[in-house]
Amino acid sequence: MIGAMRERVLIQTPGARVVSPSGAQTQGWADVATVWGRMERTGGGAGIAAGRVEPKADWRLTIRWRDDVTTLCRVQWAGRTLSVVTVDNGDERHRYLTIGLKEPNAR
């Protein structure tokens, strides 16, 4: 698995709101870490769970385990900004973290 982690990704968490000169507020982002990971295309789309539409991930990112990645985070990779939709510690041994990512403007 370690040899397959060839992509550099930047994990970010919501930071302070930024006010532009025109007065508009936008969400600021703070860098958490730049890590090596494995990116895999998963397809995306949406499904129904518990009676509501749930987004399916477009990408799956596997990284070494860390405890500071949540669904509030985002990932920057290869010029793309991806929203974190799922975070899974599959084997519960804190070795790897599988993160489902969605491209906000993907169709």
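The text that follows walks through the structure, step by step, so that each part is easy to find. (Residues numbered from 1 in each chain as written. Predicted model: local features only at pLDDT ≥ 70, side-chain atom pairs only at ≥ 80, totals over all residues. Heavy atoms only, no water.)

1. Describing the packing of aromatic side chains
Under the definition given, this model contains one aromatic pair. Aromatic side chains Trp-59 and Trp-77 sit 4.9 Å apart centroid to centroid with 65 degrees between the ring planes, which places their arrangement in the edge-to-face category. Within this pair, whereas Trp-59 is found in strand E5 (residues 59–64), its partner Trp-77 is found in strand E6 (residues 74–77), the two being separated by 18 residues in sequence. Across the pair, exposure class does not vary: Trp-59 and Trp-77 are buried alike. (Phe/Tyr/Trp six-rings, centres within 6.5 Å; stacked < 30°, edge-to-face > 60°. Helix = DSSP H or I, 4+ residues; strand = E, 2+ residues; numbered from the N terminus. Buried < 20%, exposed > 50% of the residue type's maximum accessible area, 1.4 Å probe, protein only.)

2. Observations concerning the pattern of salt bridges
For the structure on display, the rule yields six salt bridges. Between Arg-38 and Glu-40 there is a salt bridge, and its shortest N-O distance comes to 3.6 Å. Classification of Arg-38 as partly exposed rests on a relative accessible area of 31%. Here Glu-40 falls in the partly exposed class, since its relative accessible area comes to 21%. One salt bridge connects Asp-58 with Lys-102, and the closest N-O pair in it is separated by 3.5 Å. One end of the pair, Asp-58, is in the loop between strand E4 (52–55) and E5; the other, Lys-102, is in strand E8 (residues 96–102), with 44 residues separating them in the sequence. Assessed through its relative accessible area of 4%, Asp-58 is described here as buried. You can call Lys-102 buried: its relative accessible area is 19%. Among the ionic contacts, a cluster of salt bridges with common partners joins Arg-38, Glu-40 and Arg-60. (Salt bridge = Lys/Arg side-chain N within 4 Å of Asp/Glu carboxyl O.)

3. Brief notes about the pairing of E8
Residues in a regular strand project their side chains so that they alternate between the two faces of the sheet. Where burial is concerned, most of E8 is hidden: five out of the seven residues are buried. Note that E5 and E8 share six bridges and pair antiparallel. Within E8, the position partnered with Ile-63 by the bridge is Leu-97. Pairing of strand E7 (residues 80–88) with E8, which is carried by five bridges, proceeds in the antiparallel orientation. Bridging across to E8, Val-84 finds its partner in Leu-101. (Pairing = 2+ DSSP bridges.)

4. Quick notes on the sheet that holds E5
Reading around the barrel, the six strands line up as E1-E2-E5-E8-E7-E6 and close back on themselves, with antiparallel pairing between neighbours. Adjacent strand axes in the sheet meet at a mean angle of 45 degrees when their direction is disregarded. Judged from the three bridges that link them, strand E1 (residues 7–19) and E6 form a sheet pairing that is antiparallel. Among the inter-strand pairings, Gln-12 is bridged to a residue of E6, identified as Arg-74. (Axes fitted to C-alpha atoms, helices over the stretch in contact; angles between N-to-C directions.)

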